[in-house]
2 protein chains.
Amino acid sequence: MQAYDQRFQEVLDCAESLFARQGFHATSMRDIARAACMSVAGLYYYLPSKQAALSFVCERIFDRLESGSAAGAAVGAPRDRLAAFVRGHLGYLLTNNLSYRVLLHDMQALDGESSQGARARRRRYFHSLVDLLAELEPRERHRSRMAAGALFGMLNWAPTWYRQDRDGDVEALAARLTELFLSGFYSDALLARATA
Amino acid sequence: MQAYDQRFQEVLDCAESLFARQGFHATSMRDIARAACMSVAGLYYYLPSKQAALSFVCERIFDRLESGSAAGAAVGAPRDRLAAFVRGHLGYLLTNNLSYRVLLHDMQALDGESSQGARARRRRYFHSLVDLLAELEPRERHRSRMAAGALFGMLNWAPTWYRQDRDGDVEALAARLTELFLSGFYSDALLARATA
DNA sequence: CGTTCTATCGAACGCTCATTCGATTCGAAT
DNA sequence: ATTCGAATCGAATGAGCGTTCGATAGAACG
C-alpha cells in the first residue's frame, strides 16, 4: 500500500511535468505512460482518466502552494505576514520548474465537479490575500480586491521574465516586489483618502 | 480580391474566438470550419494549415495591440505616455472578449519560424515599456526591466478578476492601476537611492 | 460559345487519441 | 501447494484528428 502510493506520486510527477511543459491537451496518456516507464494500460491502474490526472495534479499543486505561502503568513504583524505570503507564493512559482503553468493555463480544461472544487480552492486562496490586505488598510473592500488582483498579477507574471542570473535570488525579488507593491498601495490609499 | 480578404478575416475571427475560448490544441479545424459555415476542405482554401491559422491570428492581435497602446504612447510627457500605454494595453485586454488569451496561452504552441517572429515581436513590445520606464526614472536598466515585468503582470492578470459591474469602466481602472504602480515605482526608486 | 479561374465541397487517408478487455506474472496468505 | 489479489501488459476499439484529392458550380473573359 505504501509502494502503491509512492508509484502513484511518481505517476503524478510525470503527468505534472508534461502538462506544465506541453499543456494538458498537447499531452497524451501515451506520453505520460512513457515518462513513467509503464504501458498505457498499466497507467490506468493508477489513473481512472486523463481528466482525473489533471484533477489530481491540480490538487497537489494547491496543497504545496498553500503550505508554502498561506501557512507562512499565519502569524505576526500584517506587514510581515504579507511579506511571508509573497515570499511563499513567489518561491513556489520560481522554484518548481514550470508546474505553476498547470494552474494558470490548464486548470480551465477541467470539467464537471473537479472544476468546481478547483475553482473554489482558487477563490479561497485569492481571498486569503484580499483579507490580508484589508487588514493592512481597512477601507472599502473593493480596494483590497483590486489590490489583490494587482499583486497576484505581479507575482504570477514573474516566471515569464525572471532569470536567476540577472534578477538575483528569489528572496531578494520577493522583498523588492513587496516593497514596490506596498509603497503603491499605501500612497494610493493616502491619495484616495485625501480626495475623498 | 476584396471579397476574398473579407472572407479571410471572417475565418480568422472564427479561429481567434475558438482559440481564445477553448485553447489551440482543443480546437479542431472542423470546429473552425463549422464556425465559419464552410466545409473543412473549403477552409484550406484560406488557411494552409492549423499552425498558419494560429500564426495569422497572433499577428493580427499584435497589430491591434500595438496600434492601441504603443501608438497612443508616442508623444507627450513620459508620465502621460505611460498612462496612455496602460490605457491602451488594458483596453485591448478587457474589450476584445478573450482574444488576449491566444497570446498569453497559445502562442507557445507556435513552432518553426512563425514562433521566432512572434517571440521577437513580444520582446519588442515588452521593451517599449522598459524604455518608457527608463525615461521616467533613468537609473539602472535592471530596475526598469523588473518594473516593466511587474506592471505587465498587473495588467495581463486583470482579465481574470475584472468585472465591469464591480470594478467600473476600463478607463477608471487603467487610471487606478497607473497610480498604484507609479506610486510604488517612485517610492521604490527613492528608497533605493537613499540606501545606495 | 468555350475556356479559365475562383470558391467550394464530399469523401477519403493515415494517424493518434482515450479508454477497455482479457490475460499474465508474482509475491503473500491460507 | 494452492489460492488470491495486486500490478502489469499487448492488443484492440471506435472516434476524431489534420490534411489532401478530385470534382463541381458559377462567374469572368476571350
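It should be noted that the structure appears before, not after, this text.
Note that the coordinates shown come from a computational prediction; the quantities given were computed from them, not determined experimentally.

> Can you help me understand the protein's contact with DNA strand D in this one?
Neighbouring DNA strand D are 17 residues; A:S39, A:A41, A:Y45, A:Y46 and B:Y44 lie closest to it. Among atoms of DNA strand D positioned within 4 Å of the protein, sugar and phosphate together represent 55%. The contact in question runs from a phosphate oxygen of DNA strand D to an N or O atom on the side chain of B:S28, over 3.4 Å. Contact between DNA strand D and B:Y44: a phosphate oxygen at 2.7 Å from a side-chain N or O atom of the residue. Going through the elements one at a time, α1 (2–22) and α3 (40–43) of chain A together with α2 (29–35) and α3 (40–43) of chain B are the ones with two or more residues in the surface near DNA strand D.

> What should I look at first to understand the protein's contact with DNA strand C in this one?
Around DNA strand C, 18 residues are found, and the nearest of them are A:M29, B:S39, B:A41, B:Y45 and B:Y46. Sugar plus phosphate, as a fraction of atoms of DNA strand C within 4 Å of the protein: 56%. In this structure, a phosphate oxygen belonging to DNA strand C sits 2.4 Å away from a side-chain N or O atom of B:Y46. Breaking the surface near DNA strand C down by element, the ones donating at least two residues are α2 (29–35) and α3 of chain A together with α1 (2–22) and α3 of chain B. Taken together, the residues of the surface near DNA strand C break down into nine nonpolar, five polar and four charged.

> Help me out: how do you make sense of the environment of A:R64 in this one?
Residue and element names in this part refer to chain A. Here R64 lies in helix α4 (residues 50–70). In this structure R64 comes out as partly exposed when scored by relative accessible area, which is 33%. A sequence separation of 57 residues divides R64 from R121, and the C-alpha atoms of the two residues are 13 Å apart. Excluding anything up to four places from it in sequence, R64 contacts D13, E16 and Y92.

> What exactly am I supposed to notice about the packing of α1(A) against α4(A) here?
Two packed helices can be described by the angle between their axes and the distance between those axes. All names here are of chain A. At a minimum axis separation of 10 Å, α1 and α4 run at an interaxial angle of 95°. As summarised for this structure, α1 and α4 are arranged roughly perpendicular, according to the angle between their axes. Where α1 abuts α4, its residues F8, Q9, L12, D13, A15, E16 and F19 lie against A53, L54, F56, V57, R60, I61 and R64. Partitioning the contact of α1 with α4 into residue classes produces nine nonpolar, one polar and four charged.

> Even after reading the chapter, I still don't get the packing of aromatic side chains, so can you show me in this structure?
Centre-to-centre distance and the angle between the planes together describe a pair of aromatic rings. Residues and elements named next belong to chain A. In the structure shown here, the tally under the stated rule is 24 aromatic pairs over all chains. Aromatic side chains F126 and F152 sit 5.8 Å apart centroid to centroid with 25° between the ring planes, which places their arrangement in the stacked category. Placement of the pair is F126 in helix α7 (residues 112–136) and F152 in helix α8 (residues 141–157), with a sequence separation of 26 residues. Look at F126 and you get buried, because its relative accessible area is 14%. Grouped by ring-pair contacts, the aromatic residues Y4, F8, Y45, Y46 and F56 constitute a single cluster. In this arrangement the basic side chain of K50 is found over the ring face of F24, its NZ or CZ atom lying 4.5 Å from the centre.

> What exactly am I supposed to notice about the pattern of salt bridges here?
Side chains carrying opposite charge are able to pair once their charged atoms draw close together. Overall, the coordinates contain 30 salt bridges over all chains when judged by the stated rule. The salt bridge partner of A:E135 is A:R81, with a shortest N-O separation of 3.3 Å. You can see A:E135 sitting in helix α7 and its partner A:R81 sitting in helix α5 (residues 78–95), a full 54 residues away along the chain. Using a relative accessible area of 15% as the deciding quantity, one classes A:R81 as buried. Of the charged contacts in the structure, one is a salt bridge between B:E16 and B:R60, with a shortest N-O distance of 3.0 Å. Here B:E16 is found in helix α1, whereas its partner B:R60 is found in helix α4 (residues 50–70), with 44 residues between them in sequence. For B:E16, a relative accessible area of 8% translates into the label buried. Relative accessible area serves as the criterion here: at 10%, B:R60 is assigned to the buried category. Several salt bridges share partner residues, and in doing so they unite A:E59, A:D63, A:E66, A:R121 and A:R124 into one network.

Cut-offs and rules
- Residues numbered from 1 in each chain as written.
- Chains lettered and ligands numbered in written order.
- Predicted model: local features only at pLDDT ≥ 70, side-chain atom pairs only at ≥ 80, totals over all residues.
- Heavy atoms only, no water.
- Near = heavy atom within 4 Å.
- Polar contact = N/O pair within 3.5 Å; in protein donor to acceptor, adjacent residues only side chain to side chain.
- Helix = DSSP H or I, 4+ residues; strand = E, 2+ residues; numbered from the N terminus.
- Nonpolar A, V, L, I, M, F, W, Y, C, P; charged D, E, K, R; others polar.
- Buried < 20%, exposed > 50% of the residue type's maximum accessible area, 1.4 Å probe, protein only.
- Contact = heavy atoms within 4.5 Å.
- Axes fitted to C-alpha atoms, helices over the stretch in contact; angles between N-to-C directions.
- Parallel < 35°, antiparallel > 145°, perpendicular 65-115°, else oblique.
- Phe/Tyr/Trp six-rings, centres within 6.5 Å; stacked < 30°, edge-to-face > 60°.
- Lys NZ or Arg CZ within 6 Å of the ring centre and 35° of its normal.
- Salt bridge = Lys/Arg side-chain N within 4 Å of Asp/Glu carboxyl O.

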